[in-house]
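Residue-level listing of the chains:
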Amino acid sequence: METVVQQIQGVPLNHYILFCSLIFTIGVVGVLIRRNVIIIMMSVELMLNSVNLLLAAFSAYSGDPSGQVFVFFIMALAAAEVAVGLAIIVMVYRNTRSVDINALNRLRG
Amino acid sequence: MIDLIWVIPLLPLIGFLVNGLGRNVLPKALVGIIGCGVVLAAFLVSCGVFGQVYALRQAGEPAAFTQPIFDWIRAGGLKVAFSFLVDPLSAVMLLIVTGIGFLIHVYSIGYMQHDKGFARFFAYLNLFIFFMLLLVLGSNYIVMFIGWEGVGLCSYLLIGFWFKNSAYAGAAKKAFVMNRIGDLGFLIAVFLIFSTFGTLEFAGIFPQAANMAMGDTTLLLITLLLFVAATGKSAQIPLFTWLPDAMAGPTPVSALIHAATMVTAGIYMIARSNILFTLSPITLQVVAAVGICTALLAAAIAITQNDIKKVLAYSTVSQLGYMFLGLGVGAFTGAFFHVITHAFFKALLFLGAGSVIHAMSDEQDMRSMGGLRKHLPVTYFTMLIGTVAIAGIPPLSGFFSKDEILAHAFAHSKGLWVLGFIGALFTAFYMFRMLFLTFFGSFRGSAEQKGHLHESPVTMTVPLVVLAILAVLGGLLNVPSALGGNHALANFLAPVFADSAAKAGTVHLDHTTEYVLMGVSALAALMMAFVAYRSYVVKGVVPAVDTAPRGWLSRLSYRKFYVDELYDALVVRPLNLLSVFLYRTVDRKALDGIVNGLGGAAGESGKGLRLLQSGNVGFYIFMMVIAVVALLAYGIVNG
């Protein structure tokens, strides 16, 4: 076990932080820019996964298992959210026949 | 009877309420009976009160009673009770107000018979009597002020009685506004009095004041402000121009308000506060100066006026000037005596003029009259008595009262006597001019007017006769010792003016001087009467038409010395310009600009913010991201 941890700690923490921030930013940009709602859902998942990775990294580096427990929670949450989100997308498609987010502008002032 | 004093003002108030509320339902006869009846009842109670006061004075008592009605204001140190004061001064005023008021009410039954507002007229007259009685009976400055303001209001209502004519309504407004300017002086004086003496009751103030030094500055200020109030109410310079315009009202109004009662309120107020004035010799000089100037100015205007009522109006202003002259030289009793006699003959003259106007089918220009002696004998004879009285020809009442004032003026300053004498010359001249133009010579009016000429009904002639008798006998009230009299009025009023007499000392002229003065003024009056006779009867001069060219002196007099034009330029137009400026620039541009601007700004910002609601979900998410980043940044910076 010790060697696994040592191996993991061979990669400096900064790399993990940078990497996860990058992935998170890519996820944010994806949500803002893409027009297909399914791609947006995927970008949201990307954001969640980047956070998961970071939490696991912090947990490994500080030896505190509560980070990994939190990861479990996030995964469960992400699954539930995807289920509901996809259900909504299906209903939206059935009503507007499109998965383009710009089609949903009826609340325009 | 003294405890019934509260009944005296209550009766006219009831008359006002009944006639006012029932003006459209009550028959004219009933309105007349109620209107005159309440004043007659008030007069009878006043006689009873006067009798009691007289009896006490004969026994040598000071005879001053206060009857509190209720506690009115109680705020901190200020305690004002609604209470009445009966003493010799107010007892005499009660008789004048109710007595002459009653005669004028009876006269009005005949004069206003054909007017649609008959009941409204009587209601207003009764209201006026009520307020005048409050003024006269008040035992403190506040109740007096209620009456003071109230008579100003009634004056407005009555001058503008025929309000559909905008010129008359304008005259009423002018009277009210000028009165109010004076009222400001009264109010500030009351504030000063309260801060100096701690009370507003006469019985509290005057004993305290008697202990103050002669020429005290606070008293000087108070008395000057009270005099300003008196100039407004009693039509002295500079606030006199409302009185000639007030002739727009019906003639009984002119007789009651602007001859006998309201305009004498100023003199009553100063007589009541005599100790304050005696201790302020500067104010008394101002009073005398203003009085004599007003007397001369008004007399100079009266000699060229052609409207019979305007002559009497300027005559009133002039005689009021004499009364103030009397007050200014310390002749308090003399001035008050002149108030009484003036009430008699001026009311008589106005009612007589009303009778003439009534007979002339509402014509007031004397150039259309003439020779009315034969058609209106009673009116002529009573007006002759009134004219002789006002000219100061013995033994009628005007001679005694005017002479007492002039004698005191002579003792005070020879110059004042000379000016007063000149004024008396003018008075005799213009009054006889009026008499001769109206009643002598041949009739100059239209044939239609001539057909309508008739003597007035009994309701109008009886008051004339009563007033004529009073004008003849009124002099007996205060015959000076030089003529073997016992100056009854002076003795009667002695306790009211006692403190002043103690401070100022009494005036003594030796009898020879008095005889000379009396003789000179009587002869001069007769001479001016003769001059007027020669001009208007023997030579038959008729005053020129309005457009005829006049010499500059005559023009000055005919155009009332351009005082109205002066006030228009100095006061009215700047105020109008200020009002227009405030309306156009401050109100419309600035204030409305601010309010509309705020509304506009709200609208514009709303329009701008609405664009945020684009309906674009991507935009909303973007805003969310921005907000989260901002919060994080804030947390990091302040963390």
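The rules we used
By convention here, each chain's residues receive numbers from 1 onward along its written sequence. Ligands are numbered from 1 and chains lettered from A, in the order in which they are written. Only residues with pLDDT of at least 70 are given local features in this predicted model, and only at 80 or more are side-chain atom pairs given and counted; all residues enter the totals for whole chains, interfaces and linings. In this description a helix means any DSSP run of H or I spanning at least four residues, a strand means any run of E spanning at least two, and both kinds are numbered starting from the N terminus. For the exposure call, what matters is how many other C-beta atoms sit within 10 Å of a residue's own: 20 or more marks it buried, 12 or fewer exposed, and in between partly exposed, using C-beta atoms placed from the backbone. In this description, any two residues whose backbone-derived C-beta atoms lie within 7 Å of each other are considered to be in contact. Strands were regarded as paired on the criterion that DSSP finds at least two bridges between them. Axis lines are fitted through C-alpha atoms, for helices just across the contact stretch, and the angle between N-to-C directions can take any value from 0 to 180 degrees. Throughout this description, any angle smaller than 35 degrees is read as roughly parallel, any larger than 145 degrees as roughly antiparallel, any in the 65 to 115 degree range as roughly perpendicular, and the remainder as oblique. Polar here means any residue other than Ala, Val, Leu, Ile, Met, Phe, Trp, Tyr, Cys and Pro, which are nonpolar, and Asp, Glu, Lys and Arg, which are charged; Gly is therefore polar. Here the bounds of each domain stem from an automatic or database domain assignment. Note on terminology: a nonpolar core is any set of buried Ala, Val, Leu, Ile, Met, Phe, Trp, Tyr and Cys residues joined through C-beta atoms within 7 Å. In a helix, the anticipated span is given by 1.5 Å times the number of residues less one.

Observations regarding the overall build of chain A
And then number 1: Each helix and strand counted, chain A has four helices and zero strands in total.
And then number 2: Order of helices (α) and strands (β) in chain A, N terminus to C terminus: α-α-α-α.
And then number 3: When its C-alpha atoms are laid out on the principal axes, chain A stretches across 55 × 25 × 20 Å.
And then number 4: Here chain A holds 109 residues, and the buried ones make up 9% of them.
And then number 5: Taking the intrachain contacts of chain A between residues at least 6 apart in sequence as the baseline, contacts between residues at least 24 apart amount to 47%.

Observations regarding the pairing of strand β2 (residues 78-86) of chain B
Residues and elements named next belong to chain B.
And then number 1: As judged from the nine bridges shared by strand β1 (residues 65-75) and β2, these two strands associate in the antiparallel manner. Looking across to β2, one finds that Ile73 is bridged to Val80.
And then number 2: Connecting the antiparallel pair β1 and β2 is a turn made up of two residues, with Gly76 showing a positive phi of about 65 degrees.

Looking at the packing of helix α5 (residues 141-159) of chain B against helix α6 (residues 166-197) of chain B
Residue and element names in this part refer to chain B.
And then number 1: Between α5 and α6, whose axes approach to 9 Å, the crossing angle comes to 175 degrees. In terms of orientation, α5 and α6 fall into the roughly antiparallel class. Residues Tyr141, Phe145, Trp148, Glu149, Gly152, Ser155, Tyr156 and Ile159 of α5 form the contact with α6, whose own contacting residues are Ala171, Ala172, Ala175, Phe176, Asn179, Asp183, Phe186, Val190 and Ile193.
And then number 2: In terms of residue class, the contact of α5 with α6 is built from twelve nonpolar, three polar and two charged.

Some points on the domain arrangement of chain B
And then number 1: Under the domain assignment, chain B is made up of domain 1 (1-139), domain 2 (165-544) and domain 3 (564-638).
And then number 2: Each of domain 2 of chain B and domain 3 of chain B has a C-alpha centre, and these two points are 63 Å apart.

Thoughts on the interface of chain B and chain A
And then number 1: The interface is formed by ten residues belonging to chain B together with eleven residues belonging to chain A.
And then number 2: Here the side of chain B that touches chain A gets five residues from one element, more than from any other, and that element is helix α26 (residues 617-638) of chain B.
And then number 3: Looking at the side of chain B that touches chain A, its residues break down into four nonpolar, five polar and one charged.

Description of the nonpolar core
All names here are of chain B.
And then number 1: Grouped together as the largest cluster of nonpolar side chains are 207 residues, with contacts concentrated most on Phe128 and Ala347.
And then number 2: Here this core gets 18 residues from one element, more than from any other, and that element is helix α4 (residues 118-137).
And then number 3: Domain assignment of the residues forming this core places at least three in each of domain 1 (1-139) and domain 2 (165-544).
And then number 4: Excluding residues within four positions of it along the chain, Ala347 makes contact with Ile100, Ile104, Ala255, Ala259, Ala260 and Leu467.

Looking at helix α16 (residues 377-391) of chain B
Residues and elements named next belong to chain B.
And then number 1: With 15 residues, α16 should cover 21 Å at 1.5 Å per step; its first-to-last C-alpha distance of 21 Å lies within 8% of that length.
And then number 2: Counted residue by residue, α16 has eleven buried out of 15 residues, so it is predominantly covered.
And then number 3: Within α16, burial applies to Thr379, Tyr380, Thr382, Met383, Ile385, Gly386, Thr387, Val388, Ala389, Ile390 and Ala391.
And then number 4: In the core, the buried residues of α16 are packed alongside α14 (308-328), α15 (332-359), α17 (397-412), α18 (414-439), α20 (458-473) and α23 (511-538).
And then number 5: Gly392 sits one or two residues past α16 and shows a positive phi near 85 degrees.

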